[in-house]
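Letter by letter, the chains look like this.
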Amino acid sequence: MKKPRAVIPDWLLGGVVTLLLLLAFAVSWWPLESIEMKLYDLRARLRTTDQVGNEIAIVAIDEESVDRLGRWPWPRVRMAEAIDVISEAGAKVIGLTILFPDPERSQGLDEIRALKKSIEETAQQNVKFAPLYAPILQALGDAEKKLDNDSKLSDSLALSANVVLPVYFEIGRVEGRPEGELPPEILRNFITQVDNPSDKAAAQVLETGAMKAPIEKLCKETKALGHLNLAPERDGVYRNHLLLVDYYGQSQYFPSFSTQLVATYWNLQPKDVRVRLGGGVQLGKVEIPTDAAFRMMVNYEGGMGTWRYYPIADVIDHKVQPDAFKGKIVIIGLTHLGLGEQITTPVAPRLPQPEVIANVAENILHQRFITRPPWAGKLELALLILFGAFISLALPRLGAGKSAIIAAALLVLVLAGGTYVFAAKGYWIKLLYPTLMLGLGYAAIISKKYLITEKHKEVLEVESAETNKMLGLSFQGQGMLDLALEKFRRCPVDDVKEELYNLGLDFERKRQFSKAASVYQHIASKLPKFKDIATRIPKLQAAGETIISGTAGLKRGGAEATVLVEGADLKPTLGRYEIIKELGKGAMGTVFLGKDPKINRMVAIKTLRFEDDVDPEDLKALKERFFREAESAGRLSHPNIVTIFDTGEDQDMCYIAMELLDGRDLKDWTTKENLFPMKTAVEHMATVAEALDYAHQQAIVHRDIKPANIMLLKSGVVKVTDFGIARITTSSRTATGTVMGTPSYMSPEQLAGKKVDGRSDLFSLGVTLYELLAGEKPFTGESIATLMFKIANERHESPRQYNAGIPEEVIQVIDKSLAKNPDERYQKGKEMAADLKAALAQMERSATA
Amino acid sequence: MRLRILQSESAAAPQTRDVFAASAPGLDVAARTDVGRRRANNEDNFSVVPELGLFVLSDGMGGEAAGELASKITVEEIPRHMKEAARDGPAVMGEANPQFSTLTNHLAGAIRRSNRVIWEAAQHHASQRGMGATVVAAVLRQPVLSVAHVGDSRIYLLRNGELQQLTQDHSLVMEQVRRGLITREEAEHSDMANIIIRALGAEETVKVDLDEVYVMPGDHVVLCSDGLTKMVPDG
């Protein structure tokens with residue numbers, strides 16, 4: 001049968017959260033990725049260092065230099081001057097990051113060239129005067145040379161023979177083929193060695209369109225060309241460096257500026273540069289890890305000024321020490337805030353371009369890389385699934401507190417671990433997704449629990465005023481006014497004033513005027529002006545006093561007592577016994593104090609009622625059984641067994657007349673605060689064991705041995721009561737059923753419904769002994785089912801844990817009598833009694849010793 | 001859907017005492033209690049509140065007057081509580097079980113309330129000591145039937161000719177059967193067949209067994225006390 005589900009199961013909620021995050025992870029959903037980037041930047045700062053290698057120096061075109069040398073752009077001769085100085089100082093590689101795509105425009109130079117040309121033409125036309133023009137042409141030629149900065153620059157390049165110049169590409173996929181062929185000086189820069197593990201990977205390299213290169217004159221004299229294209233992330237932060245790009249998508253790979261700097265520095269030949277499709281570039285002996293698009297993650301070594309700046313003006317003025325540049329990679333670039341390109345990086349908001357170039361070169365030189373290991377994606381996926389399972393399955397079961405601790409621990413573990421491997425090894429693991437999984441998942445499950453349980457939070461405590469009011473109303477509805485009043489009294493008067501008033505009226509209807517009055521007075525104590533109670537109270541108080549005692553006595557003794565009391569004159573009898581008064585109510589029926597007029601002896605008369613739906617034939621059979629049992633119990637004549645005198649039947653009631661006992665049952669001595677002294681308890685149990693032995697020999701089993709069925713008389717004698725009767729009355733209960741008391745004393749075979757013999761009594765006696773010594777039962781349970789299970793299957797706890805002073809011999813008696821298998825117990829009560837007595841003797845000896 | 005409350009119907013049917021028949025939209029109700037051939041009086045009681053879809057059956061025990069009183073309290077207090085709950089409050093008496101709906105929880109609270117009333121009354125009046133009652137109650141809010149019980153009275157669902165017992169008796173012999181100590185056959189003939197291990201009025205608090213089931217048009221639901229189940233076998 002399907003059950004309706006009113007709530008979303010926790011695992012479903014957790015599953016949905018997991019799936020959503022997995023989806024976002026799979027498609028690298030930008031909003032989450034951007035947060036991951038922030039985490040990346042934080043971690044990137046951990047990898048900065050104070051010490052960079054000394055292979056790189058930056059010659060900066062800075063504010064100071066511009067101040068001194070004039071407005072930018074400078075005549076290119078300045079560049080040439082700088083290069084000459086640096087080259088003389090012995091630099092290994094010079095990276096000039098300024099692109100000169102067009103020849104320098106100089107009006108003066110143009111004029112001189114035009115002038116020269118026209119004079120040349122004139123000279124040709126007037127051959128006779130040619131020698132006259134020669135010096136002019138010479139002077140013009142010199143001036144031209146002086147002004148031809150491009151040539152000057154190209155000469156410097158040629159002289160230094162180790163300069164790298166930049167190119168720029170138009171990024172993006174372009175259909176079609178390039179316009180014209182590239183000149184050889186450019187072509188020689190393309191990477192030739194390409195490994196091709198899988199064709200598919202080729203599609204991932206960034207494609208470009210047209211190239212913007214320096215002028216031909218300069219290109220011819222460069223050592224190498226490298227591109228200066230940047231690939232910032234969507235948030236504008238430059239974390240990746242494009243090591244190479246694919247020119248027009250023709251699988252022609254052009255390297256980056258920084259790559260060329262390092263390749264030149266290391267004197268690499270073209271064959272020393274290998275490209276692995278799918279990721280990875282080999283530069284000489286160094287393997288640079290990249291992704292499939294040949295992007296290398298830049299490990300920023302520091303913020304601005306990580307490398308020393310040498311203002312170019314100082315360089316040109318020979319103000320810089322030569323060993324500043326000796327053997328180094330010197331990068332010339334714009335650091336001027338307004339002029340140069342400022343790049344946003346994880347470690348600094350603005351970094352001048354030369355520094356970024358230097359950073360990349362440094363990374364390659366010292367192999368300080370940040371990578372995303374091939375197993376990173378798998379690890380992240382595994383973590384996601386693991387955490388997803390955690391929040392869906394474990395979290396709901398553990399509850400808010402415990403799972404918070406575990407989730408926090410996992411979080412710390414992941415974050416610390418991720419940060420550590422980043423800082424120490426440069427591994428970039430995406431930490432955001434697992435973190436989110438834990439955080440979101442936890443929040444989702446816990447808030448769901450909170451919201452749903454909130455609905456049921458409004459639970460009434462059993463003793464709350466609300467409950468008392470409800471019970472009061474119930475009792476009132478059932479006509480149990482006293483109980484109703486008791487409940488209403490526990491509520492604030494204001495809450496139940498109406499109900500109290502109605503209760504007062506009910507009392508009045510029952511002619512219980514003084515009670516009604518006290519109800520109104522209770523209201524009056526807080527609300528004296530409520531309705532008409534002010535006038536009612538005095539009237540009722542007056543009425544209450546004139547009540548005749550007869551009706552007032554209605555509650556005491558009279559109608560509640562017994563069906564036997566008919567009138568005031570007749571003396572009630574049962575059989576030949578006079579009924580004096582009621583002694584109490586037992587489980588089976590009322591017990592009366594009676595008198596045997598023949599011998600003038602006071603007796604206890606136990607009555608038994610078969611008031612249930614008993615068939616006349618069955619009733620007869622039951623009665624026969626009852627008398628038989630009573631008779632056999634009557635045969636028992638033992639000082640420690642209650643003596644049965646007589647049984648009979650009168651007015652459809654069966655009765656047993658027995659010895660009147662003046663004392664209390666042993667239940668009173670079963671709490672820790674009120675235990676027998678140990679010796680006394682053992683003594684009593686030994687006595688009972690003897691009595692049981694006697695009964696068993698008469699083939700009578702008690703079946704209900706427990707403290708309540710053992711009496712300690714005022715005279716100090718111990719008597720066992722209720723022999724055999726227990727069985728009869730059980731079977732006399734038919735369809736209405738009887739509520740079972742706790743079977744704490746029942747033996748395993750009794751609980752299983754099997755036939756029982758004397759040894760079952762001895763088990764119950766063992767339980768009783770335990771309880772008298774320890775103040776606790778050997779078998780307890782929250783429900784009857786658990787209790788039954790324990791009695792049948794689990795060993796009892798040692799009584800020593802409740803009472804350390806129990807001697808070993810007694811413990812052994814207890815253990816033996818509580819054996820689950822009857823064959824392992826005492827077979828006869830006599831044996832048990834003997835062992836107990838021996839233990840007693842031992843106790844005496846130790847006491848006196 | 002038909003809902004029938006049957007109590008201690010015996011094979012031959014003399015002295016039918018109470019007969020109840022009613023209709024609510026989509027609901028036919030019939031109830032009958034029968035003294036039976038043996039008893040002199042009847043400690044069974046029932047009540048039906050069609051507008052709430054509430055059905056209560058209780059079997060009292062502990063002596064004639066006491067038994068009748070216990071079952072009377074039960075069948076009166078449970079409807080009272082359910083009416084109050086429908087009117088006022090979200091609060092449930094006793095511990096709420098989040099697996100079940102608020103309505104089912106209110107039914108449990110109603111049963112706990114009557115348990116409390118019976119128990120206190122028994123403590124208070126010597127003649128009522130030992131009185132108790134079983135109860136089986138159901139609330140129908142289409143298409144869900146909320147079922148609650150304490151004791152050995154039962155609810156059956158009859159669907160497409162198949163009879164299914166929805167409740168588990170809280171009797172000693174049933175516990176033995178559940179534990180595999182005896183078979184159902186032996187249980188029915190056991191000496192201890194009448195001993196109940198959970199009842200209203202036995203202790204200050206009581207644990208109520210709850211269930212929710214879907215019901216469909218054409219279903220028969222039968223509430224009955226043990227008199228019937230003894231007389232009429234499951235087949």
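Undergrad: How should I be thinking about the overall build of chain A in this particular structure?
TA: Tallying secondary structure elements over chain A gives 31 helices and 28 strands in all. The buried share of chain A, taken over its 849 residues, is 37%.

Undergrad: Before we go on, may I ask you to explain the sheet that holds strand β12 (residues 286–288) of chain A in this structure?
TA: Backbone hydrogen bonds hold the strands of a sheet together, and the pairing may be parallel or antiparallel. Residues and elements named next belong to chain A. Spatial ordering of the open sheet is given by β4-β10-β11-β12, a layout of 4 strands whose pairing is mixed. The sheet is open, and its two edges are formed by β4 (193–195) and β12, each paired on a single side. Sheet twist, expressed as the average angle between the axes of neighbouring strands with direction ignored, equals 20°. Two strands pair when backbone bridges link them, and strand β11 (residues 281–283) and β12 are joined in this way by 3 bridges, in the antiparallel orientation. Residue pairing in the sheet places Leu 283 in a bridge with Val 286 of β12.

Undergrad: Even after reading the chapter, I still don't get the packing of helix α17 (residues 465–477) of chain A against helix α2 (residues 102–124) of chain B, so can you show me in this structure?
TA: Packed helices, taken two at a time, are described by the angle between their axes plus the distance between the axes. Orientation of α17(A) relative to α2(B), taken along the N-to-C sense of each, is 60°, at an axis distance of 10 Å. Our classification of the angle between α17(A) and α2(B) gives oblique. By crossing handedness, the relation of α17(A) to α2(B) is classed as right-handed. Residue-level inspection shows Met470(A), Leu471(A), Ser474(A) and Phe475(A) of α17(A) in contact with α2(B), the latter providing Arg113(B), Arg116(B) and Val117(B). Looking at the contact of α17(A) with α2(B) residue by residue, the classes come out as 4 nonpolar, 1 polar and 2 charged.

Undergrad: Got a minute to help me understand the packing of helix α4 (residues 76–88) of chain A against helix α7 (residues 149–160) of chain A in this structure?
TA: All names here are of chain A. Following both chains from N to C, one finds α4 and α7 inclined at 15°, their axes separated by 8 Å at the closest point. With respect to α7, the element α4 is oriented roughly parallel. Remark: the crossing between α4 and α7 carries left-handed chirality. Taken together, the residues of α7 that come into contact with α4 (itself represented by Arg 76, Val 77, Met 79, Ala 80, Ile 83, Asp 84 and Ser 87) are Asn 149, Asp 150, Lys 152, Leu 153, Ser 156, Leu 157, Leu 159 and Ser 160.

Undergrad: When you look at the pairing of strand β8 (residues 244–247) of chain A in this model, what are you seeing that I'm missing?
TA: Two faces belong to every sheet, and in a regular strand the side chains alternate between them. Residues and elements named next belong to chain A. Bridge analysis of strand β5 (residues 207–212) against β8 gives 2 bridges, and the strand direction is parallel. Residue Glu 207 lies in a different strand from β8, and its bridge partner there is Asp 246. Pairing of β8 with strand β9 (residues 253–255), which is carried by 3 bridges, proceeds in the antiparallel orientation. The partner of Val 245 across the bridge, within β9, is Phe 254.

Undergrad: Can you walk me through the sheet that holds strand β7 (residues 132–141) of chain B in this structure?
TA: Residues and elements named next belong to chain B. Strands sit in the order β4-β5-β7-β8-β12 across an open sheet of 5 strands; the sheet is antiparallel. Sheet topology places β4 (44–49) and β12 (209–214) at the edges, where each strand pairs with a single neighbour. Going across the sheet, the axis of each strand differs from the next one's by a mean of 10°, ignoring polarity. Bridging between β7 and strand β8 (residues 144–150) involves 7 bridges; their strand directions are antiparallel. Along β8, the bridge assignment pairs Val 136 with His 149. Each of β7, β8 and β12 is contacted by α2, which is oriented at about 160° to β7, the strand it contacts most.

Undergrad: Which parts of the structure should I look at to understand the confidence of the model for chain B?
TA: Detail in the predicted coordinates should be disregarded across regions flagged by low pLDDT. All names here are of chain B. Averaged over chain B, the pLDDT score is 75; the fraction of residues at 70 or greater is 75%. Across chain B, β8 holds the top mean pLDDT of 90, while strand β2 (residues 16–24) sits lowest at 43. Predicted complex, confidence summary: ipTM 0.80, pTM 0.47.

Undergrad: How do you make sense of the environment of Asp44(B) when you look at a structure like this?
TA: Residue and element names in this part refer to chain B. Mapped onto the secondary structure, Asp 44 falls in strand β4. We classify Asp 44 as buried; it has 33 C-beta atoms within 10 Å. For Asp 44 and Cys 224, which are 180 residues apart along the polypeptide, the C-alpha to C-alpha distance reads 9.9 Å.

Undergrad: Explain the environment of Thr290(A) here, please?
TA: Residue and element names in this part refer to chain A. As for its position among the elements, Thr 290 is in the loop between β12 and β13 (295–297). Judged by the 24 C-beta atoms lying within 10 Å of it, Thr 290 falls in the buried class. For the pair Thr 290 and Asn 240, spaced 50 residues apart in sequence, the C-alpha to C-alpha distance is 9.4 Å. Setting aside its immediate chain neighbours within four residues, Thr 290 contacts Leu 243, Gly 279, Gly 280, Val 281, Arg 295 and Met 296.

Undergrad: How should the nonpolar core be read in this particular structure?
TA: Soluble globular proteins tend to bury their nonpolar side chains together. Ranked by size, the top nonpolar core spans 102 residues in total, and within it Val59(A), Ala82(A), Ile86(A), Ile94(A), Val330(A), Ile331(A) and Ala361(A) carry the most contacts. The residues contacting Val330(A), other than those within four sequence positions of it, are Ala57(A), Val59(A), Ile86(A), Ala91(A), Ile94(A), Gly95(A) and Phe325(A). Core analysis: the next-biggest nonpolar cluster, separate from the first, contains 80 residues, Phe475(A), Val139(B), Ile155(B) and Leu172(B) among them.

Undergrad: Would you mind going over helix α5 (residues 107–125) of chain A with me for this structure?
TA: Side chains of residues three or four places apart in an α-helix project in the same direction, reflecting 3.6 residues per turn. Over its 19 residues, α5(A) extends 27 Å from the first C-alpha to the last, a length consistent with the 27 Å expected when each residue adds 1.5 Å. For α5(A), the buried fraction is low: 1 of the 19 residues fall into the buried class.

Undergrad: What's the story with the confidence of the model for chain A in this structure? I'm lost.
TA: Residue and element names in this part refer to chain A. Summary statistics for chain A give a mean pLDDT of 82 and a share of 88% for residues scoring 70 or more. pLDDT under 50 marks residues 1–6. Its contacts with residues more than four places away, or in other chains, come to 8 contacts. Per-residue pLDDT stays below 50 along residues 453–458; that stretch engages in 7 contacts with residues further than four places along the chain or on separate chains.

Undergrad: I would appreciate a short explanation of unusual backbone geometry in the present structure.
TA: Most peptide bonds adopt trans geometry, and most residues besides glycine take a negative phi value. All names here are of chain A. Along the chain, Trp 72 connects to Pro 73 via a cis peptide bond; the corresponding omega equals 5°. In this structure, Pro 73 sits in the loop between α3 (63–69) and α4. Located in the positive-phi region is Lys 531, a residue other than glycine, with phi close to 40°. Assignment of secondary structure puts Lys 531 in the loop between α20 (513–524) and α21 (533–545). Here Lys 531 falls in the partly exposed class, since 14 other C-beta atoms lie within 10 Å of it.

The rules we used
Residues numbered from 1 in each chain as written. Chains lettered and ligands numbered in written order. Predicted model: local features only at pLDDT ≥ 70, side-chain atom pairs only at ≥ 80, totals over all residues. Helix = DSSP H or I, 4+ residues; strand = E, 2+ residues; numbered from the N terminus. Buried ≥ 20, exposed ≤ 12 C-beta atoms within 10 Å, placed from the backbone. Pairing = 2+ DSSP bridges. Axes fitted to C-alpha atoms, helices over the stretch in contact; angles between N-to-C directions. Parallel < 35°, antiparallel > 145°, perpendicular 65-115°, else oblique. Left-handed = near helix turned anticlockwise from the far one by under 90°. Contact = placed C-beta atoms within 7 Å. Nonpolar A, V, L, I, M, F, W, Y, C, P; charged D, E, K, R; others polar. pLDDT = per-residue confidence, 0-100. Core = buried A, V, L, I, M, F, W, Y, C linked by C-beta atoms within 7 Å. Expected span 1.5 Å × (residues − 1).

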